[in-house]
Amino acid sequence: MHRWRRWTMAPSSWKVDIAVFLAVNTSFLVLFDAFSADRNTSGRSAPMRPGPSRLDDGRQRLMDLNGFEYVVDSGACDGPRRLTPVLVHSHVGHFERRRAIRQSYRRTELDRLGFRHVFMVGLPSSGDVAADRVTQERLVRESSRHGDVVQGNFREAYRNLTYKHAMGLTWFAARCPRSDHVVKMDDDIAVNLYKLHDVLGRADNRDLAGCVIVAKPIRDESNKWYVSRAEFAGDSYPPFLSGWLYAAKAVSVGRLLRAIEVRERYFWIDDLYVTGILAERAGLELTDLRPDFETDPGPVHCCVLKRQRCDFLAAPTGDDWTLLQRYAEQLTRCKATNSSCDLFRKSKRHHSCLDLWKKKKPLDAAAADRIGKPSIEILDWN
């Protein structure tokens, strides 16, 4: 009888012990998961940070592009630091421009300012299979070395820029859960990251900040910017930001992506579509930074040579991609020595520099590359 009692009580005690063990460990796992989510995956599953939508067969969709995938990906946002990725829209073949941008600001300076360049590219599309293979192989080596390239499986084409724009924002939403902001820029724009850092910290910033453009659709079929009424029926575009450079709050990116309609017709003017049409649909507000933008490379040229009017936020570099690096070096040097880089910005001397730059006629192609061209392509600045 005694043995039977011990045998019958042992299972009961064993069950109690197991129940206590499971309860304690379950509580531990719940707490661990909560703290881990706060530390490592905050925002990953939040609706404001959507990733690419998935089709029934598991493939991804990017706007109306079924079967989208990243050919090359980047872990630029990985790690414990909170940083602001600068998404640089670059043609896959622009190796020298990307090199100049990487060398424009030292890594220690980028870390101090909290920025990290990430280059958005498409697939080679020259039409020469052998040349495209060489370009792709070179890009893969570049990515392996620097880890800052994101490539989508769509071809590089002027009318595919909206795919690239959507890809960049989608990548940011999925890969950068700790970031409060994202910056988008083109690879031929000289940018003052010191001033950009100050802009991001301004309390009066709205959802998107950049150079606000007000324009009407061009209905002349011979014009590069021609848009048919089937593409856009209205007589005026909503205000939008120049794609040269703009900053967006992370929460606003999620609203932009959710504003894309499933069966929406593709619209090829990317900055207008994303920061105008989608932003209006999402109810986002724009902050106008137009006074901080320059419309031609002249001020960059005069800044580098004469330290004149160097405090602008962004300006095109024309054909002289070396200005990408030289402008940043000049700003960094002025910061390090605590000297002014704006000695003559309101003087006749500054205007004379600009006038000479615009009138200068290069004697050969090499000189033209050094000087850059005072021409831009933009819809309307008025």
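The following refers to the structure shown. Here the structure is a predicted model, which is why all the values come from computation and not from measurement.

## Considerations on the nonpolar core
It is characteristic of soluble globular proteins that their nonpolar side chains tend to be buried jointly.
Okay, so step 1: Trp-171 and Phe-267 are the most contacted members of the largest nonpolar core, which has 51 residues in total.
Okay, so step 2: When contributions to this core are tallied by element, the ones reaching two or more residues are β6 (115–123), β7 (149–155), α5 (161–175), β10 (208–213), β11 (240–249), α7 (250–258) and α8 (270–282).
Okay, so step 3: Apart from residues lying up to four places away in sequence, Trp-171 is in contact with Tyr-70, Asp-73, Ser-74, Ala-76, Cys-77, Leu-87, Val-118, Met-120, Val-150 and Cys-176.
Okay, so step 4: Within the second largest apolar cluster, 41 residues are counted, among which are Cys-211, Leu-289, Leu-313 and Cys-334.

## Some details on helix α2 (residues 95–104)
Okay, so step 1: Within α2, the full set of buried residues consists of Phe-95, Arg-98, Ala-100, Ile-101, Arg-102 and Ser-104.
Okay, so step 2: On the buried face of α2, the contacting elements are β5 (84–89), β6, α4 (129–146), β7 and α10 (322–337).

## What to know about the packing of aromatic side chains
Okay, so step 1: A complete count under the given rule lists 10 aromatic pairs for this structure.
Okay, so step 2: Each ring, one from Tyr-158 and one from Trp-225, has its centre 6.3 Å from the other, and the planes form 65 degrees; the classification is edge-to-face. Of the two residues, Tyr-158 is situated in the loop between β7 and α5 and Trp-225 in the loop between β10 and β11; the sequence distance between them amounts to 67 residues.
Okay, so step 3: Members of the aromatic cluster, each reached through a chain of ring pairs, are Phe-154, Tyr-163 and Tyr-266.
Okay, so step 4: Across the ring face of Phe-95, the terminal group of Arg-138 is positioned such that the distance to the ring centre comes to 3.9 Å.

## Topic: the side chain of Asp-207
Okay, so step 1: Tracing the backbone shows Asp-207 in the loop between α6 (193–200) and β10.
Okay, so step 2: Take Asp-207: its relative accessible area is 13%, and that puts it in the buried class.
Okay, so step 3: Here Ser-252 takes part through its side chain, which lies 3.0 Å from a polar atom of the side chain of Asp-207.
Okay, so step 4: The contact partners of Asp-207, leaving out residues within four places of it in the chain, are Ala-247, Ala-248, Lys-249, Ser-252, Arg-255, Leu-284 and Glu-285.

## Digging into the pattern of salt bridges
Okay, so step 1: Considering all chains together, one arrives at 22 salt bridges under this definition.
Okay, so step 2: For Glu-142, the salt bridge is made with Arg-102, and the minimal N-O distance between the two is 2.7 Å. In this pair, Glu-142 is assigned in helix α4 and Arg-102 in helix α2, connecting sequence segments 40 residues apart. Across the pair, Arg-102 and Glu-142 agree in class, each one buried.
Okay, so step 3: The partner of Asp-186 in a salt bridge is Lys-184, with the nearest N and O atoms 2.8 Å apart. Lys-184 shares its class with Asp-186; the two are buried.

Conventions used here
Residues numbered from 1 in each chain as written. Predicted model: local features only at pLDDT ≥ 70, side-chain atom pairs only at ≥ 80, totals over all residues. Heavy atoms only, no water. Core = buried A, V, L, I, M, F, W, Y, C linked by side-chain atoms within 4.5 Å. Buried < 20%, exposed > 50% of the residue type's maximum accessible area, 1.4 Å probe, protein only. Helix = DSSP H or I, 4+ residues; strand = E, 2+ residues; numbered from the N terminus. Contact = heavy atoms within 4.5 Å. Phe/Tyr/Trp six-rings, centres within 6.5 Å; stacked < 30°, edge-to-face > 60°. Lys NZ or Arg CZ within 6 Å of the ring centre and 35° of its normal. Polar contact = N/O pair within 3.5 Å; in protein donor to acceptor, adjacent residues only side chain to side chain. Salt bridge = Lys/Arg side-chain N within 4 Å of Asp/Glu carboxyl O.

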